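Overview (structure and organization)
Chain by chain, the residues:
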Amino acid sequence: MNRSRVALVRCENYDPDAIYQAAVKGLDLIGGISNLVRSGERIVLKPNVLYGTNPEKGISTHPAVFRAVGKILQESGARVSYGDSPSFAGAEGHLRRCGLKQVADEMGIELADFDKGRTVSHKDGLLIKSFVLANGVLDSDGVVNLPKLKTHPLTRLTGAVKNQFGCIPGLLKSQYHVKLPDPYDFATMLVDLNTLVRPRFCVMDGIVAMEGNGPRSGRLRKLDVLLFSTDPVALDATACRIINLDPEIATTSKPGEKAGLGTYHSENIELVGEGLESFFCRDFDVIRTPQEHCTQNRIMAFVKNRVCERPVIAKAKCTGCGMCVKMCPVDPKAVDWRKGDREKPPVHDYDRCIRCYCCQESCPEGAISARGTVLGRTFFRH
Ligand code: SF4
Ligand code: SF4
């Protein structure tokens, strides 16, 4: 059996020349750009743009990484476009605020349509048999995935597999949380999306990663690494190993292997470039416990609600902006103003909450974090 190759290349800052050299090296190590992309192909770059803000905050893929990979693709003769579909409306404004649009305009990289899409069947999907995909994805010959290494309370790691979620346009994404409240079903949907839109290759920005309350409000952690692979599962598993997280804890690993998308087993991954141990970060702050399955059994659901992590609002940080209420996808809302009183922070209804963490992800103040319960910590966690 062929092993999946993952390249690790050291890069200690976002200096454009240094990143370009690192990207050339990394892509050579996984087979060379001429074997990954053919001249004349239409390639769409898919960075991670959760929402638009200064790239130094570490929320989005850094523009210098985007620039380096875009340049290599252009030099190979590819026709390059780019796009993403952040959770919030108005993709172009978000892309500008995180510095990607300026780089793209300067390089003649066109903005692809990620606002609207078309339905595509996926009969081989493990769980999802059709998706609405962004026109920009469907009109391309291949996607190059540029994830950012960050934590996420739902999937534990947000990496290459989860980054493809932005290939689904706009607000359609939130419906998947409602339809698939079980975190492993949600992960299987992400894997199905990846087997439908298998990235041509992935370059993960782990130069400055995000730990703790990611993917938006965590702390920055320098890891000084760029990761390269054509296998998104192996790439994420390697990122997990760097941050001292068992890859099985990342919810996409097992369905990713089951679907044939890739492998997370170390014996099936060939690491090339600098050794993993030189990037290893033992104390990276990430949730290291497995996700809990969702259950329809009312007694089990009652127990789960009192045991597993939940989104909690730090009242002192809350400005009452209401973004969490707006973004909560369940109806009726699982976070809302108590009796309409907007003088106080919104309140969660944990019996209604499906733990999708859209509220945590959307809070501009970082006031919401995933917290274990006292019961869970006392009886079920190590
Ligand atoms: S999004 Fe954050 S700051 Fe805004 S109301 Fe919700 S908890 Fe408060
Ligand atoms: S309250 Fe938060 S975690 Fe719960 S369903 Fe709403 S958005 Fe998701």
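Look up a bit, the structure's there.
Quick look at the structure, then. In this text the structure is predicted, and so the values were computed from the model without any measurement. (Residues numbered from 1 in each chain as written. Chains lettered and ligands numbered in written order. Predicted model: local features only at pLDDT ≥ 70, side-chain atom pairs only at ≥ 80, totals over all residues. Heavy atoms only, no water.)

What about the overall build of the chain?
For clarity, the threshold we go by: Starting at the N terminus, helices and strands are each numbered in turn, a helix being any DSSP run of H or I of at least four residues and a strand any DSSP run of E of at least two. The rule is simple: take the accessible area with a 1.4 Å probe, protein chains only, and divide by the maximum for that residue type; under 20% is buried, over 50% is exposed, in between is partly exposed. Contact definition: two residues touch when any of their heavy atoms are within 4.5 Å. This count recognises Lys and Arg as positive and Asp and Glu as negative, with His and chain-terminal groups excluded. To locate a charge, take atom NZ for lysine, CZ for arginine, CG for aspartate or CD for glutamate.
For the chain, the helix and strand inventory stands at 15 helices and 16 strands. Buried positions account for 58% of the 382 residues belonging to the chain. A separation threshold of at least 6 residues defines the contact pool for the chain, and within that pool the share at least 24 residues apart is 74%. Taking the average place of the 52 positive charges on the side chains of the chain and the average place of its 44 negative ones, the gap between the two points comes to 6 Å.

Describing helix H5 (residues 100-107)
Inclusion rule: Taking the helix axis as origin, the arc is that swept by the directions to the C-beta atoms.
Considered for burial, the residues of H5 that qualify are Leu-100, Lys-101, Val-103, Ala-104 and Met-107. Down the axis of H5, the buried side of the element spans an arc of 160 degrees, and every buried residue falls inside it. On its buried face, H5 is in contact with strand S2 (42-47), helix H3 (63-75), strand S3 (79-82) and helix H4 (91-97). Note on H5: the residue one or two positions beyond its end, Gly-108, has a positive phi of about 70 degrees.

As for the site of ligand 2
The line we're drawing: One heavy atom suffices: a residue is near a molecule or strand as soon as one of its heavy atoms comes within 4 Å of it. In this classification, the charged set is Asp, Glu, Lys and Arg, the nonpolar set is Ala, Val, Leu, Ile, Met, Phe, Trp, Tyr, Cys and Pro, and all remaining amino acids, among them Gly, are polar.
As a structural note, the neighbourhood of ligand 2 is formed by 13 residues, with Cys-328, Cys-353, Cys-356, Tyr-357 and Cys-359 the closest of them. Its residues placed into classes, the shell around ligand 2 shows eleven nonpolar, one polar and one charged.

Structural notes on the packing of aromatic side chains
We count it as follows: Stacked, edge-to-face and tilted labels apply to pairs of Phe, Tyr and Trp rings (six-membered ring for Trp) whose centres lie within 6.5 Å, assigned for plane angles under 30 degrees, over 60, and everything in between, in that order.
One pass over the full model with this rule turns up four aromatic pairs. Ring geometry for Phe-165 and Tyr-176: centres 6.4 Å apart, planes at 70 degrees, overall edge-to-face. Highlighted residues: Phe-165 in the loop between helix H7 (160-163) and helix H8 (172-179) and Tyr-176 in helix H8, separated in sequence by eleven residues. Judged on exposure class, the residue Phe-165 and its partner Tyr-176 are both buried. With a centroid separation of 5.4 Å and 85 degrees between ring planes, the pair formed by Phe-165 and Phe-186 is classed as edge-to-face. Here Phe-165, found in the loop between H7 and H8, pairs with Phe-186, found in helix H9 (residues 183-196); they are 21 residues apart in sequence, far enough to count as distant. Take Phe-165 and Phe-186: they sit in the same class, and that class is buried. Joined through ring pairs, the aromatic side chains of Phe-131, Phe-165, Tyr-176 and Phe-186 make up one cluster.

Focus on the side chain of Ser-369
Filter applied, for reference: Two N or O atoms count as a polar contact when they lie within 3.5 Å, although within protein this holds only if one can serve as hydrogen donor and the other as acceptor, and sequence-adjacent residues are included solely when both atoms are side-chain atoms.
Relative to the helices and strands, Ser-369 is located in strand S16 (residues 368-371). Within the structure, Ser-369 has its side chain in polar contact with the side chain of Arg-371 (distance 3.3 Å). Those residues in contact with Ser-369 that sit more than four places away from it in its chain are Asn-213, Arg-310, Pro-311, Val-312 and Gln-360.

Details of the packing of helix H1 (residues 16-29) against H3
Packed helix pairs are characterised by how far apart their axes lie and by the angle those axes make with each other. What counts is decided by this rule: Working convention: axes come from line fits to C-alpha atoms, limited for helices to the stretch in contact. Angles between N-to-C directions cover 0 to 180 degrees. Angle categories: roughly parallel below 35 degrees, roughly antiparallel above 145, roughly perpendicular from 65 to 115, and oblique for all the rest. Whether a crossing is left-handed or right-handed is set by the direction in which the near helix is turned from the far one by less than a right angle, anticlockwise for left-handed and clockwise for right-handed.
It is at 9 Å that the axes of H1 and H3 come closest, and there the two elements cross at 55 degrees. Of the possible angle classes, the one that applies to H1 and H3 is oblique. In this structure, H1 crosses over H3, and the sense of that crossing is right-handed. Contacts between H1 and H3 pair Pro-16, Ile-19, Tyr-20, Ala-23, Val-24 and Leu-27 from the former with Ala-64, Val-65, Arg-67, Ala-68, Lys-71, Ile-72 and Glu-75 from the latter.

None of this, on its own, says anything about what the molecule does.
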